[in-house]
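Inside the fold
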Amino acid sequence: EPEVTQTPSHQVTQMGQEVILRCVPISNHLYFYWYRQILGQKVEFLVSFYNNEISEKSEIFDDQFSVERPDGSNFTLKIRSTKLEDSAMYFCASSPTAQGETQYFGPGTRLLVL
Amino acid sequence: AQSVTQLDSQVPVFEEAPVELRCNYSSSVSVYLFWYVQYPNQGLQLLLKYLSGSTLVKGINGFEAEFNKSQTSFHLRKPSVHISDTAEYFCAAYSAYGGATNKLIFGTGTLLAVQP
């Protein structure tokens, strides 16, 4: 069964450094998402992406964040200058269409900012 | 604005006992509803979903949920739990209104702790 994959599974970085989190969505899916889960808190929406552009973003998704689909398979989340409060589990998800469809989640990348 | 509420942060239960995890949503429009499970140190796995049709939906691992529009609830149930069901369970929703946002709104999660 196809699944969403994410790399790396864990990343430790110094405050102020740039990080890129990578995701490979399910191949025939058209909508892509990033969510995050700060330890002990609920999962929060960051951004949705369709047709090579952001379709919606949350207030969390400020200028330090960006997303890109650099080729036909990868979907990346870049944090330009990490802060301590960016430490969280980051989940990528994809769905075939927008409405009425399940979003399938990857296993997540645990980011720790020191 | 939409919101999803899971009132129980933790539900302890003995093995082979029934369990119900509560979820209520608030929305001015129809919503699609989902339950995801997160096992320790793992990602989110879809348990079941309600999009339309029958209000009783069955999912994986013997779980089921009932959509109740009048009570704006989507409670998750299992008649007999196993130790392996110990996990965090998240209820989530997004608007069914065509053209609206498809971002999932999650509840705060319920930790199901199954004891022998």
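Below, the structure is looked at part by part. Just so we're clear, the structure is a prediction, and the values are computed from it rather than from any experiment.

1. Things to note about the overall build of chain B
Secondary structure assignment for chain B yields zero helices and twelve strands. Along chain B, helices and strands appear, N-terminal first, in the series β-β-β-β-β-β-β-β-β-β-β-β. Reported as C-alpha extents along the three principal axes, the dimensions of chain B are approximately 45 × 30 × 20 Å. Put simply, chain B has 116 residues, and 46% of those count as buried. For chain B, the share of sequence-separated contacts (at least 6 apart) that also reach a separation of at least 24 residues comes to 58%. On chain B, roughly 5,500 Å² of surface is accessible, and the fraction owed to carbon and sulfur atoms is 51%. Between the centroid of the 7 positive side chains of chain B and the centroid of its 8 negative side chains there is a distance of 12 Å.

2. Regarding the interface of chain A and chain B
Interfaces are often sized by the accessible area lost when the parts come together. Taken together, the contacts link 19 residues of chain A with 24 residues of chain B. Here chain A is connected to chain B by one salt bridge. Between B:K103 and A:E56 there is a salt bridge; the shortest N-O distance is 3.8 Å. Put simply, chain A and chain B have four residue pairs in polar contact (both at pLDDT 80 or more) between them. Only β4 (31–37) and β5 (43–50) of chain A provide two or more residues apiece to the side of chain A that touches chain B. It is β4(A) that provides the largest number of residues to the side of chain A that touches chain B, a total of four residues.

3. Digging into the pairing of strand β12 (residues 110–115) of chain B
All names here are of chain B. Relative to β12, strand β2 (residues 10–14) runs parallel, the two being bridged by five bridges. From the neighbouring strand, V11 faces β12, where its bridge partner is L112. Two strands pair when backbone bridges link them, and strand β10 (residues 87–95) and β12 are joined in this way by three bridges, in the antiparallel orientation. For Y89, the partnering residue across the bridge sits in β12 and is T110.

Conventions we followed
Residues numbered from 1 in each chain as written. Chains lettered and ligands numbered in written order. Predicted model: local features only at pLDDT ≥ 70, side-chain atom pairs only at ≥ 80, totals over all residues. Heavy atoms only, no water. Helix = DSSP H or I, 4+ residues; strand = E, 2+ residues; numbered from the N terminus. Buried < 20%, exposed > 50% of the residue type's maximum accessible area, 1.4 Å probe, protein only. Contact = heavy atoms within 4.5 Å. Areas by Shrake-Rupley, 256 points an atom, 1.4 Å probe, with all protein chains shown as cover. Lys, Arg positive; Asp, Glu negative; His and termini not counted. Charge placed at Lys NZ, Arg CZ, Asp CG, Glu CD. Salt bridge = Lys/Arg side-chain N within 4 Å of Asp/Glu carboxyl O. Polar contact = N/O pair within 3.5 Å; in protein donor to acceptor, adjacent residues only side chain to side chain. Pairing = 2+ DSSP bridges.

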